[in-house]
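Reading the structure
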Amino acid sequence: SDPNWLDKQWAAKDRLLGHFERHGSFPVDNSRGFCRHVVMDSKAYSVESSLMALMRLGMIPFTIPIILFLVVPLLCCVGWIWLAHRSFLLLFPGGFGWLI
């Protein structure tokens, strides 16, 4: 762990802001190894796709009953298996070791 990590981050921020003050933009490629600046295409992120994403997000509450419908029988089976196992251990504390 580097005790001066935060100071280095502040110095890098100051260098970036100094470059922005002088040139009006951030450096395209800096020495930290990040890739070049990518301009996002706003057509792909339109209002229509945002509304579709909102509709998909709104469908999440409708999936909860379906998930419960699938999980409840599974939990019942696991509970019955656990109950059978515990009953077996009560009836035969040593298991079937006496048969071997």
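From a predicted model like this one, the values you see are computed outputs, not experimental measurements.

The rules behind the values
- Residues numbered from 1 in each chain as written.
- Predicted model: local features only at pLDDT ≥ 70, side-chain atom pairs only at ≥ 80, totals over all residues.
- Heavy atoms only, no water.
- Helix = DSSP H or I, 4+ residues; strand = E, 2+ residues; numbered from the N terminus.
- Buried < 20%, exposed > 50% of the residue type's maximum accessible area, 1.4 Å probe, protein only.
- Areas by Shrake-Rupley, 256 points an atom, 1.4 Å probe, with all protein chains shown as cover.
- Salt bridge = Lys/Arg side-chain N within 4 Å of Asp/Glu carboxyl O.
- Phe/Tyr/Trp six-rings, centres within 6.5 Å; stacked < 30°, edge-to-face > 60°.
- pLDDT = per-residue confidence, 0-100.
- Patch = residues over 30% accessible without salt bridge, like charges linked within 9 Å, V, L, I, M, F, W, Y side chains within 5 Å.
- Expected span 1.5 Å × (residues − 1).
- Disulfide = S-S within 2.5 Å.

1. Here's the deal with the overall build of the protein
Regarding its fold elements, the protein presents 3 helices and 0 strands. Along the protein, helices (α) and strands (β) appear in the sequence α-α-α when read from the amino end. Looking at the 100 residues of the protein, the share that counts as buried comes to 3%. Accessible area for the protein stands at about 9600 Å²; split by element, carbon and sulfur atoms hold 72% of it.

2. Thoughts on the pattern of salt bridges
In this structure the tally under the stated criterion is 1 salt bridge. Note that lysine 13 and aspartate 14 form a salt bridge whose closest N and O atoms lie 3.1 Å from each other. Relative accessible area serves as the criterion here: at 45%, aspartate 14 is assigned to the partly exposed category.

3. Side note on the packing of aromatic side chains
Centre distance and the angle of the planes are the two values used to describe a pair of aromatic rings. Throughout the structure, instances matching the rule amount to 2 aromatic pairs. Ring geometry for phenylalanine 88 against phenylalanine 92: centres 5.2 Å apart, planes inclined by 45 degrees, an arrangement best described as tilted.

4. Regarding the confidence of the model for the protein
Taken residue by residue, the protein gives an average pLDDT of 81. The fraction at 70 or more is 76%. Element-level mean pLDDT values for the protein span from 80 in helix 2 (residues 47-58) up to 92 in helix 3 (residues 60-91).

5. Quick look at a nonpolar patch on the surface
Judged by side-chain polarity, Ile66, Ile67, Phe69, Leu70, Val71 and Leu75 come together as a nonpolar surface patch covering roughly 640 Å² of accessible area. With respect to the element layout, isoleucine 67 can be found in helix 3. In this structure isoleucine 67 comes out as partly exposed when scored by relative accessible area, which is 48%.

6. Here we look at helix 1 (residues 5-23)
Between its terminal C-alpha atoms helix 1 stretches 27 Å, which fits the 27 Å expected from 19 residues at 1.5 Å a residue. Residue glycine 24 follows helix 1 closely and has a positive phi angle near 80 degrees.

7. Here we look at the state of the cysteines
By the definition in use, this model includes 0 disulfides. This cysteine, cysteine 76, is not joined by any disulfide, and cysteine 77 carries the nearest cysteine sulfur, 7.0 Å off.

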